[in-house]
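Topology and contacts: notes
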2 protein chains.
Amino acid sequence: MDLHGGNIYKIKDGDKMLDYSANINPLKVPRSLKESITNNIDKLINYPDPNYTDLKEAIAKFTKVDIDNILVGNGAVELIFIFIKSIKPKKTLILGPTFAEYERALKLVGSEIDYLPYGIGDESYFTPVDKVKEEIIKDYDLLIICNPNNPTGHLTDLEDIKEINKIAIENNCKLLIDEAFIDFLPTGEEVSAKNLQSKNICVVRAFTKFYAIPGLRLGFGFTWDIELKKVMDAIKEPWSINTFASLGGPVMLADREYQQRTYRWLEEEKEYIYRELGKVEGIKLYKPQVNFILVKLLTGIKSHELREKLLEKGIIIRDCQNFRLLDHYHIRLAIKDRESNARMVEELTKIINSN
Amino acid sequence: MDLHGGNIYKIKDGDKMLDYSANINPLKVPRSLKESITNNIDKLINYPDPNYTDLKEAIAKFTKVDIDNILVGNGAVELIFIFIKSIKPKKTLILGPTFAEYERALKLVGSEIDYLPYGIGDESYFTPVDKVKEEIIKDYDLLIICNPNNPTGHLTDLEDIKEINKIAIENNCKLLIDEAFIDFLPTGEEVSAKNLQSKNICVVRAFTKFYAIPGLRLGFGFTWDIELKKVMDAIKEPWSINTFASLGGPVMLADREYQQRTYRWLEEEKEYIYRELGKVEGIKLYKPQVNFILVKLLTGIKSHELREKLLEKGIIIRDCQNFRLLDHYHIRLAIKDRESNARMVEELTKIINSN
């Protein structure tokens with residue numbers, strides 16, 4: 001299984017390298033969470049609360065969504081799988097290029113899958129609202145939008161989601177909106193599809209990237225379809241969230257200082273990387289909304305060649321050739337701390353210039 | 001959801017009570033695991049190895065099963081669900097009374113379910129081998145045996161499993177053997193069904209009870225059916241095991257001192273509880289093989305009444321009336337440390353005698 005940009009286990013000394021392939025907050029594991037873990041080790045002796053009531057209450061408070069509409073999972077990915085298994089779509093439309101796990105979950109339920117490409121503008125990808133509306137009047141049961149989208153880094157506006165959802169409802173097409181990166185936007189809670197409170201939309205959210213804890217396994221989701229929620233609850237395996245995640249979730253959501261530091265870091269570094277990489281000739285940048293940037297290679301160097309050359313310099317990047325609708329001229333870079341970013345920009349610039 | 005004896009979250013001050021309803025090792029979370037957790041908090045920043053290679057290697061070494069036959073999961077329960085979803089039985093035979101989660105997993109795939117009762121002897125329940133053989137020549141796709149069985153506490157001999165499996169193979173009936181408690185037997189590795197290395201048998205094992213870590217979520221399983229394993233790997237959700245469990249598994253398996261202390265404790269306390277409760281008139285004991293004991297109430301007091309009375313004394317027990325094939329005259333008691341056991345025996349004796 002090689003699911004992910006961030007599989008450092010297949011690379012020699014992978015944990016000593018600069019990992020630009022996984023989009024993880026460089027502020028690292030919050031101190032508040034570390035304390036929570038250290039203080040709660042003895043609680044491993046109990047099963048987690050099977051209803052995860054305290055965790056859900058904290059999410060309800062943070063997101064202002066009613067607790068009855070909240071689901072929690074072993075990472076966002078468990079909720080994506082449960083949602084897809086619950087609605088069992090016969091035919092699904094995915095806006096792409098995007099995260100690959102949707103396809104794996106859809107294949108498990110035997111769904112047909114079509115991709116509709118995002119539009120490509122001068123500065124960034126964009127969501128072709130009219131085309132989406134044209135498509136979903138066909139016989140789709142499900143439309144999946146990753147928002148902000150991985151790996152293109154662009155945001156679909158809430159108004160556009162609303163408009164698409166209107167047509168979707170008329171055509172019995174459900175929406176799955178994966179907002180695994182939306183918390184990196186200071187306006188994340190405002191632009192989230194949760195604000196539509198639509199019975200037709202299921203929203204998936206993550207702790208993973210923002211709080212730098214891929215190893216802890218914690219995600220959550222929203223649905224306003226009470227019948228669907230019953231089905232999801234029924235197929236969910238018990239205790240899939242461990243004690244540290246269950247107790248740590250509320251602690252992280254309450255850590256405003258970590259959240260504010262993250263917004264400040266990302267505002268600066270997004271700007272820095274976009275400006276500095278913008279000076280490199282022979283690459284095209286797609287303006288990032290969150291903590292990663294999609295880059296198109298224009299000099300003829302292929303993504304896997306660039307990846308190999310940067311690996312020699314101790315830097316891992318995401319070769320995007322296995323994303324559907326992308327080719328071997330695309331790479332994705334995480335946005336990290338200034339020192340790392342400067343080094344990555346320098347090494348990448350040298351390779352592109354010598355190419 | 002009220003899945004379990006050990007749901008302390010529904011009881012006021014549940015964490016301050018003596019919990020005899022969850023069968024957890026009273027030696028508590030191993031110190032070796034605590035150290036591993038404390039030392040590895042920063043590793044949460046990486047995704048766990050999606051192949052969990054180091055964890056599987058440690059399990060292979062401990063159990064002497066080839067790594068290619070090993071699966072790991074978010075508790076034994078994830079593997080039970082994945083196994084049942086993979087073979088999708090139309091009709092399943094369960095030896096009971098037993099653990100309730102099999103039924104929930106079977107219902108998700110629409111399996112018909114029949115129960116075959118264990119035999120009841122003077123001292124303990126037993127597995128009626130001939131009856132099982134008679135039954136599985138009918139059109140069952142799957143036979144489930146929990147071994148040692150929860151809540152009866154008896155062990156099905158490996159020779160009996162072997163004999164049953166022979167008939168099962170002839171009749172295209174797979175076996176799922178849940179060995180979540182087998183590690184409490186010092187001879188656990190010898191009597192495990194893994195030793196049959198049968199393509200027809202899937203074995204599920206747990207870290208949960210023995211290492212006192214229901215909150216960590218870690219289990220493993222064996223299959224010698226390579227085609228089935230491919231299906232199981234395909235439907236398994238990625239990264240379901242968190243970093244602490246993934247790194248802690250090998251540490252626990254290497255902790256011989258904890259294992260030896262557990263064997264010594266249980267040998268003494270099993271004996272003690274059986275002897276002391278044996279002095280109480282008005283109850284029948286079923287001799288325990290592992291760390292819990294099934295008790296039948298003969299004075300007319302009902303299991304929920306006894307549970308209420310013991311709750312008032314700060315002791316939680318498992319009322320077994322919702323186990324299929326048991327009634328409201330059965331309770332299950334964990335075996336804990338001497339001080340707790342003495343107090344539990346004293347309070348229970350008082351209530352039974354005054355009844």
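Here the structure is a predicted model, which is why all the values come from computation and not from measurement. (Residues numbered from 1 in each chain as written. Chains lettered and ligands numbered in written order. Predicted model: local features only at pLDDT ≥ 70, side-chain atom pairs only at ≥ 80, totals over all residues. Heavy atoms only, no water.)

A few points about helix H6 (residues 158-170) of chain A
All names here are of chain A. Its 13 residues place the ends of H6 19 Å apart at the C-alpha level, agreeing with the 18 Å of an ideal helix rising 1.5 Å per residue. By the burial criterion, the buried members of H6 are Leu158, Ile161, Ile164, Asn165, Ile167 and Ala168. A positive backbone phi angle near 55 degrees is found at Asn172, which sits one or two residues after H6. (Helix = DSSP H or I, 4+ residues; strand = E, 2+ residues; numbered from the N terminus. Expected span 1.5 Å × (residues − 1). Buried < 20%, exposed > 50% of the residue type's maximum accessible area, 1.4 Å probe, protein only.)

Focus on the packing of helix H1 (residues 31-39) of chain B against helix H9 (residues 243-253) of chain B
Residue and element names in this part refer to chain B. Viewed as axis vectors pointing N to C, H1 and H9 meet at an angle of 145 degrees, and their least axial separation amounts to 9 Å. By crossing handedness, the relation of H1 to H9 is classed as right-handed. Residues Ser32, Leu33, Ser36 and Ile37 of H1 form the contact with H9, whose participating residues are Phe244, Leu247, Gly248, Val251 and Met252. Partitioned by chemical class, the residues of the contact of H1 with H9 number six nonpolar, three polar and no charged. (Axes fitted to C-alpha atoms, helices over the stretch in contact; angles between N-to-C directions. Left-handed = near helix turned anticlockwise from the far one by under 90°. Contact = heavy atoms within 4.5 Å. Nonpolar A, V, L, I, M, F, W, Y, C, P; charged D, E, K, R; others polar.)

Focus: the pairing of strand E12 (residues 292-297) of chain B
Residues and elements named next belong to chain B. Taken across its six residues, E12 has five buried, putting it largely inside the fold. Sheet topology places strand E11 (residues 283-286) next to E12; four bridges connect them, and they run antiparallel. Considered in E12, the bridge of Lys284 is made with Lys296. Following E11, the chain reverses through five residues before pairing antiparallel with E12. (Pairing = 2+ DSSP bridges.)

A closer look at the confidence of the model for chain A
Do not read the predicted coordinates in detail wherever pLDDT is low. Across chain A, the average pLDDT comes to 95, with 97% of residues at or above 70. Two summary scores accompany this predicted model of the complex, namely pTM at 0.94 and ipTM at 0.93. (pLDDT = per-residue confidence, 0-100.)

Thoughts on helix H3 (residues 75-87) of chain A
The α-helix winds at 3.6 residues per turn, so residues separated by three or four positions along the chain end up facing the same way. Counting buried positions along H3(A) yields 13 of 13 residues, so the element is predominantly enclosed. Positive phi appears at A:Lys88, one or two residues downstream of H3(A), with a value of about 40 degrees.

Focus on the packing of aromatic side chains
A full pass over the atoms with the stated rule returns 29 aromatic pairs over all chains. Pairing A:Phe220 with A:Phe222 gives two aromatic rings, centres 5.6 Å apart and planes at 70 degrees, and the pair type is edge-to-face. A relative accessible area of 0% places A:Phe222 in the buried class. By way of ring pairs, the aromatic residues A:Phe181, A:Phe184, A:Phe207, A:Phe210, A:Tyr211, A:Phe220, A:Phe222, A:Trp224, A:Tyr258, A:Tyr263 and A:Phe292 are connected into one cluster. Over the ring of A:Tyr140 we find A:Lys91, and its NZ or CZ is 4.9 Å from the ring centre. Over the ring of B:Tyr272 we find B:Arg338, and its NZ or CZ is 3.9 Å from the ring centre. (Phe/Tyr/Trp six-rings, centres within 6.5 Å; stacked < 30°, edge-to-face > 60°. Lys NZ or Arg CZ within 6 Å of the ring centre and 35° of its normal.)

Comments concerning the sheet that holds strand E9 (residues 201-206) of chain B
Residue and element names in this part refer to chain B. If you trace the seven strands from one edge of the open sheet to the other, you get E2-E10-E9-E8-E7-E3-E4, paired in mixed fashion. Every other strand in the sheet has two partners, leaving strand E2 (70-73) and strand E4 (112-117) as the edge strands with one partner each. Adjacent strand axes in the sheet meet at a mean angle of 20 degrees when their direction is disregarded. Contacts from helix H2 (residues 53-63) reach E2, E9 and strand E10 (219-223) within the one sheet, and its direction differs from that of E2 by about 120 degrees.

Quick word on the relation of the copies chain A and chain B
Note on the copies: chain A fits chain B at an RMSD of 0.0 Å, the axial shift is 0.0 Å, and the rotation between them is 180 degrees. Such a turn and shift between the copies fits a two-fold axis. Measuring from the rotation axis to each C-alpha of chain A, the shortest distance belongs to A:Thr38, at 3.2 Å. A shared interface surface links the copies, since 100% of the contact residues of chain A are contact residues in chain B too. (Least-squares fit on C-alpha atoms with pLDDT ≥ 70 in both.)

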